[in-house]
Every structure is written in C-alpha cells, then in structure tokens.
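If you want the building blocks of each chain, they are given just below.
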Amino acid sequence: MALKIVKGSIDRMFDKNLQDLVRGIRNHKEDEAKYISTCIDEIKQELKQDNIAVKANAVCKLTYLQMLGYDVSWAAFNIVEVMSSSKFTYKRIGYLAASQCFHESTDVIMLTTNQIRKDLSSPNQYDTGVALTGLSCFVTPDLARDLANDIMTLMSHTKPYIRKKAVLIMYKVFLKYPESLRPAFPRLKEKLEDPDPGVQSAAVNVICELARRNPKNYLSLAPLFFKLMTSSTNNWVLIKIIKLFGALTPLEPRLGKKLIEPLTNLIHSTSAMSLLYECVNTVIAVLISLSSGMPNHSASIQLCVQKLRILIEDSDQNLKYLGLLAMSKILKTHPKSVQSHKDLILQCLDDKDESIRLRALDLLYGMVSKKNLMEIVKKLMLHVDKAEGTTYRDELLTKIIDICSQSNYQYITNFEWYISILVELTRLEGTRHGHLIASQMLDVAIRVKAIRVFAVAQMATLLDNAHMLTGNTQRNGICEVLYAAAWICGEFSEHLENPMETLEAMLRPKVATLPGHIQAVYVQNAAKLFATVLKSQEGNTDSTTAQEASQLMIDRLPLFVQSANLEVQERASCILQLVKYIQKLQQKDVEVSEEVCALFAGELNPVAPKAQKKVPIPDGLDLDAWINEPPSESESEDEQPKAIFSKEEPKHSRPRHTEVDEKELARRREARKQEQANNPFYIKASPSSQKVYQETPGVEHIPVVQIDLSVPLKVPGLPMSDQYVKLEEERRQKERAEKKKKDKKKRKEKRSGRGKKHDSGPESEEDITPAHMVDIVTEEMPENALPSDDDERDPADPHKALDIDLDKPLADSEKLPVRSHRAAEVLKSPAEDEEGENVSSLEPKKKSSKEKREKKKDKDKDRKKSKEEKKKKKHKHEEKEEADLLCGQADEPAFQSEETNEVVTPPTSTSADVSDLDFWLSNAPVPSNTQEAATVAAAEAAPAPGAISVTTPDSEPEEPKDTEMEETKSSKHKKKKQKREKEDKEKKKKKKHHHHHHHHGDKGGEESVQNGTVEEEEPLPPMSNYCLLAENSYIKVMMEDADEAYDIQGNLQDGSQVVVSVIFENKCDSFLKSMEFNVLDSLNSKLQRPEGSGPHDSLTIPFQLPPGVSNEARFVFTVQSIIMPQKLKGTLTFIVKNEESSTHEKLDFKLHFTCTSYLITTPCYSDAFAKLLESGDLKSSSIRLEGVNMPFHHLLARICFHHHFSVVERIDSCASMYSRSIQGHHVCLLVKISSQTVSVDAKCDEPTLLGNVLDEIKQTFSQC
Amino acid sequence: MIKAILIFNNHGKPRLSKFYEHFNEDIEQQIIRETFHLVSKRDENVCNFLEGGMLIGGSDYKLIYRHYATLYFVFCVDSSESELGILDLIQVFVETLDKCFENVCELDLIFHVDKVHHILAEMVMGGMVLETNMNEIITQVDLQNKMEKSELLLADKCSFA
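Residues numbered from 1 in each chain as written. Chains lettered and ligands numbered in written order. Predicted model: local features only at pLDDT ≥ 70, side-chain atom pairs only at ≥ 80, totals over all residues. Heavy atoms only, no water.

Under an unreviewed UniProt entry, the name given to chain B is AP complex subunit sigma, and the organism recorded is Nothobranchius furzeri. Here is the UniProt Sequence similarities (unreviewed entry) comment for chain B, exactly as written: "Belongs to the adaptor complexes small subunit family." (UniProt positions renumbered as here; feature names shortened; annotations may be inferred.)

(A) Region of the structure containing the overall build of chain A. Secondary structure assignment for chain A yields 51 helices and 16 strands. By the burial criterion, 56% of the 1264 residues in chain A qualify as buried. Long-range pairs, those at least 24 residues apart, make up 74% of the contacts in chain A between residues at least 6 apart in sequence. Summed over its atoms, the accessible surface of chain A is roughly 56100 Å², and 52% of this surface lies on carbon and sulfur atoms. (Helix = DSSP H or I, 4+ residues; strand = E, 2+ residues; numbered from the N terminus. Buried < 20%, exposed > 50% of the residue type's maximum accessible area, 1.4 Å probe, protein only. Contact = heavy atoms within 4.5 Å. Areas by Shrake-Rupley, 256 points an atom, 1.4 Å probe, with all protein chains shown as cover.)

(B) Expanded view of the pattern of salt bridges. Residue and element names in this part refer to chain A. This model, assessed by the stated rule, comprises 42 salt bridges over all chains. Between E193 and K227 there is a salt bridge whose closest N-O contact spans 3.0 Å. With E193 in the loop between helix 11 (181–191) and helix 12 (197–213) and K227 in helix 13 (residues 222–231), this residue pair connects regions lying 34 residues apart in the sequence. On the basis of relative accessibility, which here comes to 44%, the residue E193 falls in the partly exposed class. Overall, the relative accessible area of 30% leaves K227 in the partly exposed class. One salt bridge in this structure joins E252 and R254, with 3.2 Å as the shortest N-O distance. (Salt bridge = Lys/Arg side-chain N within 4 Å of Asp/Glu carboxyl O.)

(C) Broad picture of the interface of chain A and chain B. Chain A puts 65 residues into the contact, and the matching count from chain B is 59 residues. Counting each side, the surface lost to burial between chain A and chain B is near 5800 Å², with a carbon and sulfur contribution of 57%. When residues of chain A are sorted by the area they lose upon contact with chain B, M67(A), R92(A) and W236(A) head the list and together hold 13% of the total. Viewed at the interface, chain B and chain A are joined by eight salt bridges. Where E136(B) meets K164(A), a salt bridge forms, and the shortest distance between an N and an O atom there is 3.8 Å. Applying the counting criterion to the chain A and chain B interface returns 33 residue pairs in polar contact (both at pLDDT 80 or more). (Buried area = accessible area lost by both parts, 1.4 Å probe. Polar contact = N/O pair within 3.5 Å; in protein donor to acceptor, adjacent residues only side chain to side chain.)

(D) Seen up close, the packing of aromatic side chains. All names here are of chain A. Using the criterion set out here, one finds 19 aromatic pairs over all chains in the structure. Taking the centre distance of 5.3 Å and the plane angle of 65° together, the rings of Y126 and Y161 count as edge-to-face. With Y126 in helix 8 (residues 125–138) and Y161 in helix 10 (residues 160–176), this residue pair connects regions lying 35 residues apart in the sequence. Accessibility assignment for this pair places Y126 and Y161 in one class, buried. Aromatic side chains Y409 and Y418 sit 6.0 Å apart centroid to centroid with 55° between the ring planes, which places their arrangement in the tilted category. Exposure remark for Y409: the relative accessible area of 2% places this residue in the buried category. Accessibility expressed as a relative area gives 0% for Y418, which makes it buried. Put simply, the rings of Y409, F415, W417 and Y418 touch in pairs and so form one group of aromatic residues. (Phe/Tyr/Trp six-rings, centres within 6.5 Å; stacked < 30°, edge-to-face > 60°.)

(E) Up close: the sheet that holds strand 5 (residues 71–77) of chain B. Residue and element names in this part refer to chain B. Reading across from one edge, 2-1-5-4-3 is the order of the five strands in this open sheet, with antiparallel pairing throughout. The strands lining the two open edges of the sheet, one partner per strand, are strand 2 (14–19) and strand 3 (49–51). The mean inter-strand angle of the sheet, taken between neighbouring strand axes irrespective of direction, is 20°. Where strand 3 lies against strand 4 (residues 62–68), three bridges are found, and the strand directions are antiparallel. (Pairing = 2+ DSSP bridges. Axes fitted to C-alpha atoms, helices over the stretch in contact; angles between N-to-C directions.)

(F) Spotlight on the side chain of S99(A). Turning to its location among the elements, S99(A) is positioned in helix 6 (residues 88–101). Owing to a relative accessible area of 7%, S99(A) belongs among the buried residues under this scheme. Side chain to side chain, S99(A) and K18(B) meet in a polar contact 3.0 Å long. The contacts of S99(A), once residues within four sequence positions are left out, are G134(A), C137(A), F138(A) and K18(B).

(G) Spatial organisation of a nonpolar patch on the surface. Residues and elements named next belong to chain A. On the surface, a cluster of nonpolar side chains totalling about 350 Å² of accessible area is made up of F77, M110 and L111. Note that M110 resides in the loop between helix 6 and helix 7 (113–120). We classify M110 as exposed; its relative accessible area is 65%. (Patch = residues over 30% accessible without salt bridge, like charges linked within 9 Å, V, L, I, M, F, W, Y side chains within 5 Å.)

(H) Highlighting helix 12 of chain A. Residue and element names in this part refer to chain A. Between its first and last C-alpha, helix 12 extends 25 Å over 17 residues, near the 24 Å set by a 1.5 Å rise per residue. Where burial is concerned, most of helix 12 is hidden: 14 out of the 17 residues are buried. N-cap assignment for helix 12: the residue whose side-chain oxygen lies 2.9 Å from the backbone N of G198 is D196. (Expected span 1.5 Å × (residues − 1).)

Quick look at the structure:
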C-alpha cells in the first residue's frame, strides 16, 4: 500500500503539470496541434490512473486546453471524480473544469447532485464556496429543483462569505426553476437589509436583475429600495438601485416625482462619475415618464443637460461617449434643451474616435429643425468628403438620408435642395448604399408632386452622365441610382425638356454593361419616353422627329433583345415589335400617339409597407374555398401593394384592356373614383392625383421660386446643394419681410394648404414655409387595417417564466421540494419556509385576512368602508381586525359559492403591499434639497392616519376644527387600511408630537427622508403643503400649492401660469356627480377656461366621486404679477345622489396663492450665488425670528419645503439659500441661528416680493 | 449581467476566457477572435466601449475593455451594468492580480491561468458581480491558497511517511 502511494507520487513527479504543458506548447509553435494531441493522449493515460492527484493534474491541463478551443467533454466523468475528492485543492480544480465545460446537455451532471449537496453543507466554508461558484455556471433545471432548498438554507448561513454567494446564485436557480421564486423571495427580500454590505449588495443585484425583466412585480419594493438609496454609501449598490428605479419609473410616474429630489441631491454631492452618470440617466427616465403629466421640471432637465455637457467636454473619451449616449435619451422628450448644445455635438463629429462620432450622429438626427437642417446637412457633407473610403462614410450617408427623410420629410423646406443632395451623394464611389439613394429619389419624386419637374431634369442629367457612375460596375453599388433615374425620367417624361435626348442617353450601348434589373427598367422607360415623344409631335406637320424616334428605338433595341437577362430580353423584344408596328402606321400617316400613351396611363400611389399584411380577412371569407368568379382585374389592380422597385409591373396587363376598350376603362376608373370618394376608410390622395395625364396637375398655381438652374444642370457632378442654403436663407428673409407687409390672406392659404406633414412641426418654426407647396401623398392603407403587431417577447426568454406575482401569499403547495430521506432537512425546512413567509407578511394572521378580503374586495368595498370607519372611531384596532376577519368570513359564502376553495388568490387583486405602495407614492416629493435634510431622520415608518387632514396656516380661516372627525375621513383618502392599522400603534406616539399644522401624513416626508444613517439626530417632523380649502358634510376639498407652479416662457408676455392641484374627497355615503368648479377672477389672476366659455363660466370636473373616494383635479391660473399674494373666492357645486334622492349642493372656498408658491426650487452653485450677490442689482431686507426652538437643519428643511428654497452652502449654524420665482426673480437668503434667535438676511431684485416672502417665512415659524 | 470575460494579448492569444453562458468551443474561439479584431484596431486614446460583436450579445450588449501593456481585458455586459462601474471593476481585477502575483505580467497569466480563475471567482459569480472590495477578495484568495498549501504538505508527509 505504502509502495503504491510512493509510486503514485513518483509518477506525478514525471508527469507534466500545467506549467510544463504551457511551456511545451510555447516551444512547439510550428506543430502546436500535433504536440497538443500527444499531450491529450498523455492526459487520457493519466486519467486512467487511480491516484486522484494525477487525475486532478490532468483535469487542470484539460481546462487549459479547453480555453484554446479543444473539446474536453469526453472527460466529463473524470471531472466529476475530481470534484468529489475530499481535498479542497482537487475539488477546486474539478469545479473549475466543470464550470468551464459543463452545460445543460452534459449527461453526467445528474450524477453530481448528491456530491454538490454534500459540499454545500460542508463544515469548510470554502468547499461550500467552490461548489456554489461552480454551480452558478452549470446549474440545470434538475439541479435547481433538487438543490433550491439547500441553497435557500445557505442564504441564512452564519458566514457572510457563504450568504452572499448563496444569495447571488439564487438568480440562476430562479431562471432554471421558476417555481422557487415565490417561496424564496421573502428571504431574499430580507437579505436586502443584511448587516454585511456584500450580502446586501448581492441581494440588490439579484432583485435588480429580476426586476429589470418584469418590473411591475417589484414595484411594491420601491419604498424599501428608496430607503436603501438614501442610506447606502456603497456606490455599487447605489448604481444598481438607481438603475432599477430607472426601470420602475415608466410604470409609476408618482415614483419618479418622489425620486427627483434625492437624485438631484446625489448628482450634486457625489464625486463618483459612475454614480453621477447613472443618476442623470435615471432622472432622464423619470422626466420621460413624467413628460406627459407635468411640464414642471425644467430645472431638473437643465441640471441633467448641464452635467452631461460637462461629461461631453471632458477629455476622457469614456465620459464623452456616455454623455452623448445619455443626451440622446433626453433628446426624445426634451429636444429643445439639447438643441442649444448643437455646437458641442457638431464638434464631436470631428472627434478621432469613431464610437463618439457615431453617437454624435445619432444625436444630430433628433436635433434637426426646419431652420437648421440645411446647415447641418452641409456640415455632414463636408465630413462625407473627408471620410473617403471608410465604413464611417457609409454611416454618414445613411444618417444624412435618415435625417432628411425622418417623419415624412418633416424638416425639408426645399425639395430641390434635397434632390441636389441626393444627386451629390451619387458621386460617392464604392458605397453600399446606392439602393438607399435610389429609393429616396423615387420616393420624393412620387410623393412630392411639385418637385417632379426639377427631379426629372436632374435625373436626365444623371442619365446623360451615367458613365461617371458606372466606372467600376462590379463593386459599385452606386449604379443603383440609375434605376431610379431611368424610372423617374420615364414615368414623369411629360416634364422632360428634351425627351429625345434622354431617350438617346437611355439607349446607349454602354447601358448593356449595367446589371440586368437596371437594364430592364431602362428598356421599359425608353418605351414611355418614346410615347411622350410621339405625343409631343402630335399635330406637328413635320413628322421627322417622331420617325427619328421610332428609328432610334428600332436601331438600338436589338442590343437588348440579345441580353442574357430574361427580363431585359422579354421586354425589349415586346417593345421592339410594337415600335416596328408603330413605324409602319407612321409611314401611313396614322395618328398613333394616343394609343401608345394609353399603354402607360394611370397614376401610381404609394402604398404603406405593411398594407398587404394588414388587410383583415373579412367575415365569412374562406381563403381555401374555390372562387368561382374572379374579381374584375382592373379593379383589384389599383389596390395591389406596390413595392418601390416593382412599380411598373402592374402595367403589363393594363395595355391589353385599354386597347380593347378605352371607353370602358375610363368608365371603370370613374366608377372606382366614385366608390373611393364614398368610402370613408379610403385615404384619399391629393385631389389631382388621379389626373396627371389628363391635365397637368395644379402645378401652375403653386408659387415656385424661380431659381437659376443652369449652373447645376450644366455642370454635373459639381457641388451645388450649397447654393440652396444661400438661396433658402434669402428666401426666408424675403418671406419674413413680406410677412411684415401683412400678407395675411396669403399666409392663411398657405397654411391650410400645407397639409398633414407640417402639423407636428415645432411652433417656433411655424413661420418657415416650404419653398414649394409640397403635396406629400399619404400612403394608402387598406380599410380596417389592423393595429401593428407589437413585438412579442421571445417565447424562449427564460425571464418570461419569472413573471410571477410576488405579493400573493404563499400556498401550501408552493414549498420547495425537500428530500424526504434526509430527516434533518425535513425537520428544518418547513419551519424555515414559514419563517420566510412571516417575514413578508409581518403577521400571518393579517395575511389570511388579507387573502379573504381580496376575494370579496370589489363587491364588498363599500361595506368595508363603513366598517373601517366605525373601527377608526373606536380606536381599537386589534379587536377590529379580528372583527373584520369574522365579518369577512361571514360574508364570504355569499361571494364564494361559485368559486373553488383554492387558497391562491386571484392575481389581479391588490394586496396590502400594493396599497402600501400607493400610500407611499401618494406622498409628494420630499423637500430635502440639502444633504442634511436627505439624511435627517424622519418618522420610522408611515405617517399617522389623521395627519393629512390638518391644514397649513394659510387656510386657517376656513378650516373646521374637528380634527377627530377628519381623522376618520382622511384615513379613507388613499384606501389604506391594512398598513395603517398595523402601524397605528407606533404612530399614536408620534401623533402627540406632530399633531399640529404641519403634519401631513399623506405627504409623508417620512419614508423618503428615511433616516437609518443619522440616528442621533432628532427626526424631522413631517410637513405638508396640502391645505384644506373647505369642507362640509359631503365633500372635502384640499389644495396642493407647492411645486405645481411653473412658467411657460415666451407664451405670455409677462404673465405666468400656475397649476393648482385640488383633491376632492367624498365624505358621505352618496354618489357625488356633476361637480363644477368656479373662481371669481381678479384683475391679476384668472382661471383658464376652455376656449369659447365666458369669464364667469364654471369648469366641469371630469370625474364623479363614489362614496369614500378621492380624486385630484388640476386647474390652471394665469397670473400677471407675482409679487403680491392673492386670494380668490370660489364655489364648488355638485349633485349628491343616493338611492332615494338627489340634491344640489354648494361649497364656498377661498384659494390662497402665497408668494412662496410662485417660487421654484432651483439649485444654485456657490460661485454663481456669489456672483449674483456681487452684481448689486438686488435689494436687501431682513427679519429676525425669536424663540425658534428647533435644530438648525430642521429650520432649513422647513424653509426648503415650505418656501421652495435650496441650500447653496451651509457652514455650522449659518446657511445661504436660493430660490427663483416663476418670472425669474432671484431670491437669496442668509440664515443664521444663535441661541433661539434666527436672523434672515435676504436679497431679491423685487423688494415687494421679498417683503412678502419674508412675511410668509415669519408666519411659518411663528406657528412652531 | 456579465456575459463573458476575456483576456487576450496584443496578438489575440487567449490568456483567460470565462463565459457565463454556454457556447461550444468553436464558437468561443470565434468570439475571442472577433472581439480581438474589434478591440485591437482601436487607438489607444479612444473610448473603452464598443457596441458588441455579432456572435455575442446583440443590441443590448456592450464590450467594455481596458488595455494594459500587452493584455486586453474585455468584459461583455448587458445594459443592466454600469459602464463606468465595469471599468472600475476591471481596474480592481488587475490591481488584485498585481497584488496576488506581485507585479503581474503576461507570463503570470500564461502559466497560472487556474489561479487567475480562482481570483476571478471571488469577484464575479455566474455573471454577477460578487465582490468589489479588493482587500476582501485578496483575503479570501489567500485563505484558500493557504488551505491548499497545508493540504499539499500533509500529502507529502503522508507519502513519505
């Protein structure tokens, strides 16, 4: 035995180890493959030995060879052997090899289950660690199912090293075994608050990964993440959380509202670029999600853009790249803020880094406007010249076309310019994008009627100079444009100045070297041109030109008849025979032109790309059934979809019946037009579209600016688009001048004639009218077109299976499988599962009551409401809970008789978690502009139930005193029952302290200003900016005035708009409807009413209120002067309706606009602040507040919150603060505190405003 | 998620490849070649991000790389990772290697690819970032190496007993 061991170790001494193998490979550079194959043979020998050390060494070498691309799956079993060694050294080698080459179809994996389980429960933490690491790479559905429970146990391991690995691997387990998600989730959630930062980070990682794919299931975790965000200092964790919020905000705009402030703070405070960048990104996401709701975040957008500019200007290319990337996100929703940085972006086009240039190009796409399109494209054309022969040039080319053609050529004011650009682009040799240019030429020529004359002339020039494009046909994609040129010249040949010349150009022998499909188009369109020549010679006594044309055709066409391309051959021979026949007729002096023209009569309309696909199958149509009577051909033709490159195909069939019966065709066409006119679903083209050939379309009365085209036409291939830029500039100037000459009538005409495509143009560009009355033909779509199919998720996406509602309580059947023969586990795990459940539900009892409630929720809402009310009055929640439970059970049979008795609740129900979220979200953004405020502790959990109802001092006069009563009511406000009850106890304590004007349960600064970090500081009392306007026994009206004010710059000369949110809450048991809101306007402030209504008309509130429900409405006021506070009297009328009767009720209220409400929280840098103070434009004033008994940071937080200031700088007990009014007044404060005396020195450019603001601040603190 | 971590030298020779999604060996080699091709033709002072190759990833994936002396460190990641964060992670990785190998150079990676794997395993697990604190990583790696040494000593004693 001893001998054997010795022998083994001696063997080992002679074996190659990994280093030897590597060295060997390096020494055999010329016959590496051969050397390696001998090594593999050696390894195979080594693997046959019993000695585990030898085997491990062999496996180690195999891992290396695997990296070099050698398949080592044949050794899978040996790898498993090494994995199961009892020595850590070998085990690690085995697991590494397995993680590199095992995958789902490796069959020996099923042998490893027990080994892995053993390792997971090993007393040595590194055995466990190595097993977890390996497993993370090769976990299969079977392994995941069998080991899920063991791994879940490890999530609570005593060693953080194991915990973090176990947490992380759960993600892989979820992917492979989705059923494990729900049972494991409570514990995972618990790990978010693990004392070890590594474990916490892992948990955040996993949940972020899960939530990224199915965000809506994780919304209820938002408060928890919010807390982490405000307390964590780990940038990795912060980045992950902030990214997660970026994914959640689109689902819940209220969340975004809440996030803006803390994110802004982070942006200001962090020094880590990575964190700053992610914050900016998420703020952008928030702004995008809010963009529809409230336009009031110009400060945040400004901040983002400003920070991004700093990134872009940085010398670090990485920051530059990311800055541009984020900028393009802002661009989508706030193009104006980005457009002002055009200079910077154009500068990036010159960057040496291609990635950066491409990003800058992306940005340009969104930055063009009618004003700057020409200028930008001119710049790009310069770059095109510079970028000779690179792929970047192709990219530029596509971008130019993208930019110009976006949203239906929205930004093009001069199509002659665009055609010139396209023609210039044809000079690019070796581009792959000939197709693209060609299709643009076709598209523009077809859809912009007014440009056809010009386009045809340009195309004729192109055809004439075709040799310049075809220099090197093989690898030259640019000759594709000849396809477009030929087709345009043929189709619109009536516009050609000299059709005979063009005809000649199209029939040159050189054409035969072009690709077949282009030749085919040449031949076909030569025939069209021929028809036009004949027509133009009609009535001409001298018929030589016509005969020359026929002769030319007959001379040249035989070349094409011999073509190897079938299409060319067929067309050419048909046309040749036709022309020969025509020639005969010509010699007999027979008039033929009309018949020949009829061959090509008819208008082509563009058809939407998906038109065919979207035609719905009509009811009763069986596509497989035999159709006895085919529909008449001509009728179906017009509806056929036409791809851009196959436009002339439908025409082949047309000549037949036109020749047969010209009259019949005309009749049919007339009938069809009639039918289309009567069909409401038929999208009509312009009125002239059907009759181009009968009469020239209304081109004459279109004001086409005279441009001397002789230059571009006679010098082909020279840059010419440039002159349009100049011309356009002149034209615009002229137009502006004309406009001043009050040419109003004309303008009206133009505007109405401009059509659909201009509707979306930005307002500032209204005055740039296009040079031509372009008439863009709308694409045709079939009637009843189906909505476009949304991208469906890849059914193979493993994340689809993880779309699981996590808020539902666990069912018994959902326990993770536990191996029954392992007695210890059986005893342990159910208990643990339960423990997990408990974590999620806080109290199991509550959970069950919740479940039941969900079932009957909808039907039972009202009853519950009243129950709730009673309960609150008694203030005995524990008992109530039970009572409720009993009631619930008693009620149940009535509702459940039909339902099965499953424990699982319907997935749509809103569980407590969700309504908690509602509650949390309903709180307005926290005023914490300062770092201090952000970290200052607030109340531990959610706010007191009675809090919302209490009013701010502003509205004291109207406020009823019955707070007790209000408490009951307000609790209904956000349909929050569960949570409130749970928390009532803690809150009661707090209520005693905060039961004054400023609490503000619903505003709940609490959650968001979560403490956690600064426990020793006294919690900041909750604050509210909702004030009660009025209430009676039916309804309560509350107003939020704080951050709703916003300015609409430039819209009104010196007026501003203020948005007021008013919450209406139904307090009675009846239905409230027909609510009307009216305010007596003052000279200064006016309620904005819809157009057409008189100055005293009331506004109808667009909702009704069922009992107990509250809803929010917004009203816009126009305010002239903002330097004085305003009071407006108003009335609310509504109808109270119950089963028996309905009565008309009325409620008077007063709206109070404080000067503060016109201030906007605006961040300000200390240097800018200093400059402002130095400027000397500001008047100063000051106040002193005596007996202020609160910490300085509370004081600041209060000023920030109630008066919309932000802290610029704080030094000990002295702070400078800044705010800006909606009309741009700067307000600066210097706040000092010394032994209960606060002095506020203030400066502002408007003394009256300043005085009023200071008064209001004084008032706020006099009530403390 | 991180989809793959690749280290190769200026000539495209792989020094470490770690794929967190299974590909067969041929495709892995193609990916390495393609990535090398994309990364190597970039100048020194251009940005470190690349919109991914054809074989790996797709539109959601990015290549984030750093070039140190003779070696390229390339991470292929999806959009859930922060670009700058990953750059920092590469830095941490390299610094850790530097500590563990004492002035790391390409030869260390060539001859001790297994050790590099073990270090990486303490930083990234199954495509997710496990630990970013360098001291923590080094502590764990050292403890494991110590264990390995003691086992080897024991084995030697046994065999010569």
